[in-house]
Protein chains: 2
Amino acid sequence: MFSKACEYGIKATIYIAVKSMHQERVSLKEIAEEVNSPVAFTAKILQSLAKSGIIDSHKGPTGGFQIEESNIDAIKLYDIVNAIDGEKIFVGCGLGLEQCDASQPCPVHDKFVGIRDNLKIMLQNTSLYELATGLDIGLTHLKR
Amino acid sequence: MFSKACEYGIKATIYIAVKSMHQERVSLKEIAEEVNSPVAFTAKILQSLAKSGIIDSHKGPTGGFQIEESNIDAIKLYDIVNAIDGEKIFVGCGLGLEQCDASQPCPVHDKFVGIRDNLKIMLQNTSLYELATGLDIGLTHLKR
DNA sequence: TTTATTTAGGATAAATTTGTCCGAAATAAG
DNA sequence: CTTATTTCGGACAAATTTATCCTAAATAAA
């Protein structure tokens, strides 16, 4: 469903959010450990999330990643997925046709659009805040 | 969403089904042309679909691919996707966790399972017959 | 039987995704 | 200022997916 990059990016962002809600900044190393993702690859993903403005990064000792607390509720799962995998997941024909829309549909068009709209709506309605809160209170987990 | 292999496989199977409903066998070359897919790669996919028993193949002149007409309604989109991409699309955690279920969920577990179940049900409820019929009567298309 | 045609299948290559390594740049603290 | 720490960013490598090519095997028809 999601790419590995996206999986790591989502996990990392949720972890950073939890820490940010406790006014803590976290290092790449800690994130990769807690989220069970390859360090160097995770670094690349965090870089691009920082460029997208979803997370903040700081160099040097005491440096690391964080998310402005007031943004955590406004950031949606959709934003993270979109920043990493791009909108190509939400656009385009399910069978790869260039020319496919309601007036000239591919055989799976209607059914496919239905599923994908569900996905899109789910991602747009899911806030980083609720994901981070669930993790913080021990309702969910990210390891293994 | 689907792999390229799956896209080509679905398109090819629908095209073969349409022809089979008119008692015609089709060659790899014709399929690849009509479905706008790379010939050699399509050959591989059709090979595996034949091994899975979803389509029949015949060598030699007048050879080609076909689907037993009485099977066309029983074959579901799910069977095609499952034969090519495997069940890994329908199983496993949305964030790639090994240990993730209702009792120890990842942060997106519930929402993700909901979407994926929708997808699975849609694929299981969509018959090759309806897809092929739509194409046959010109309601849908596979080119471009 | 010979020939032409078509799929089967192995080897290989190209493209993309995933992942690593390392020096540069920033920066906090002694 | 120096040093230690941390992210940045480029080059590179491995793995997977996508795609090609060619020979073998089957088989229909002359």
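Parameters and conventions
Residues numbered from 1 in each chain as written. Chains lettered and ligands numbered in written order. Predicted model: local features only at pLDDT ≥ 70, side-chain atom pairs only at ≥ 80, totals over all residues. Heavy atoms only, no water. Buried < 20%, exposed > 50% of the residue type's maximum accessible area, 1.4 Å probe, protein only. Helix = DSSP H or I, 4+ residues; strand = E, 2+ residues; numbered from the N terminus. Arc of directions from axis to C-beta. Contact = heavy atoms within 4.5 Å. Near = heavy atom within 4 Å. Polar contact = N/O pair within 3.5 Å; in protein donor to acceptor, adjacent residues only side chain to side chain. Least-squares fit on C-alpha atoms with pLDDT ≥ 70 in both. Buried area = accessible area lost by both parts, 1.4 Å probe. Salt bridge = Lys/Arg side-chain N within 4 Å of Asp/Glu carboxyl O. Nonpolar A, V, L, I, M, F, W, Y, C, P; charged D, E, K, R; others polar.

Draft legend 1. Expanded view of helix H6 (residues 128-136) of chain A. All names here are of chain A. Of the residues making up H6, those classed as buried are Leu 128, Leu 131, Ala 132, Gly 134 and Leu 135. Buried residues of H6, viewed axially, fall in a sector of 160 degrees; they line one side. Against the buried residues of H6 lie helix H1 (4-21) and helix H4 (77-85). Phi for Gly 138, located one or two positions after H6, is positive at around 85 degrees.

Draft legend 2. Spatial organisation of the protein's contact with DNA strand D. Neighbouring DNA strand D are 24 residues, the closest being A:Leu28, A:Lys44, A:Ser57, B:Tyr8 and B:Pro38. For DNA strand D, a base oxygen lies 2.5 Å from a polar atom in the side chain of A:Lys44. Here a phosphate oxygen of DNA strand D and a side-chain polar atom of A:Ser57 are 2.5 Å apart. Of all the elements in the fold, those that place two or more residues in the surface near DNA strand D are helix H3 (39-51), strand S1 (56-58) and strand S2 (64-66) of chain A together with helix H1 (4-21) and helix H3 (39-51) of chain B.

Draft legend 3. Up close: the relation of the copies chain A and chain B. Superposing chain A onto chain B takes a rotation of 180 degrees combined with a translation of 0.0 Å along the rotation axis, leaving an RMSD of 0.0 Å. What we have between these two chains is a two-fold relation. No C-alpha of chain A lies nearer the rotation axis than that of A:Met1, which sits 3.1 Å from it. When the interface residues of chain A are mapped onto chain B, 100% of them are again interface residues, pointing to one common binding face.

Draft legend 4. Structural context of the interface of chain A and chain B. Facing 34 residues of chain A, the contacting portion of chain B comprises 34 residues. Summing both partners gives a buried area of about 3200 Å² for chain A against chain B, and 70% of it is carried by carbon and sulfur. Counting across the interface, chain A meets chain B through two salt bridges. When contributions to the side of chain A that touches chain B are tallied by element, the ones reaching two or more residues are H1, helix H5 (109-125) and H6 of chain A. Residue composition of the side of chain A that touches chain B, grouped by class: 18 nonpolar, nine polar and seven charged.

Draft legend 5. Just the pattern of salt bridges, in detail. All names here are of chain A. Across all of its chains, the model carries ten salt bridges over all chains by this definition. The residue Glu 30 makes a salt bridge to Lys 19 at a minimum N-O spacing of 4.0 Å. Of this pair, Glu 30 sits in helix H2 (residues 28-35) while Lys 19 sits in helix H1, and the two are eleven residues apart along the sequence. Residues participating in the shared-partner salt-bridge network are Lys 19, Glu 24 and Glu 30.

Draft legend 6. Inspection of unusual backbone geometry at higher detail. Residue and element names in this part refer to chain A. In this structure, Arg 144 is a non-glycine residue whose phi angle is positive, near 60 degrees. Residue position: Arg 144 is located in the segment after H6. According to the relative accessible area criterion, Arg 144 is exposed, its value standing at 52%.

Draft legend 7. The protein's contact with DNA strand C, seen in detail. Taken together, 25 residues are adjacent to DNA strand C, and A:Tyr8, A:Pro61, B:Leu28, B:Lys44 and B:Ser57 come closest. In DNA strand C, atoms within 4 Å of the protein come 65% from sugar and phosphate. Contact distances for DNA strand C include 3.3 Å between a base oxygen and a backbone N or O atom of B:Pro61. At the level of secondary structure, the elements contributing two or more residues to the surface near DNA strand C comprise H1 and H3 of chain A together with H3, strand S1 (56-58) and strand S2 (64-66) of chain B.

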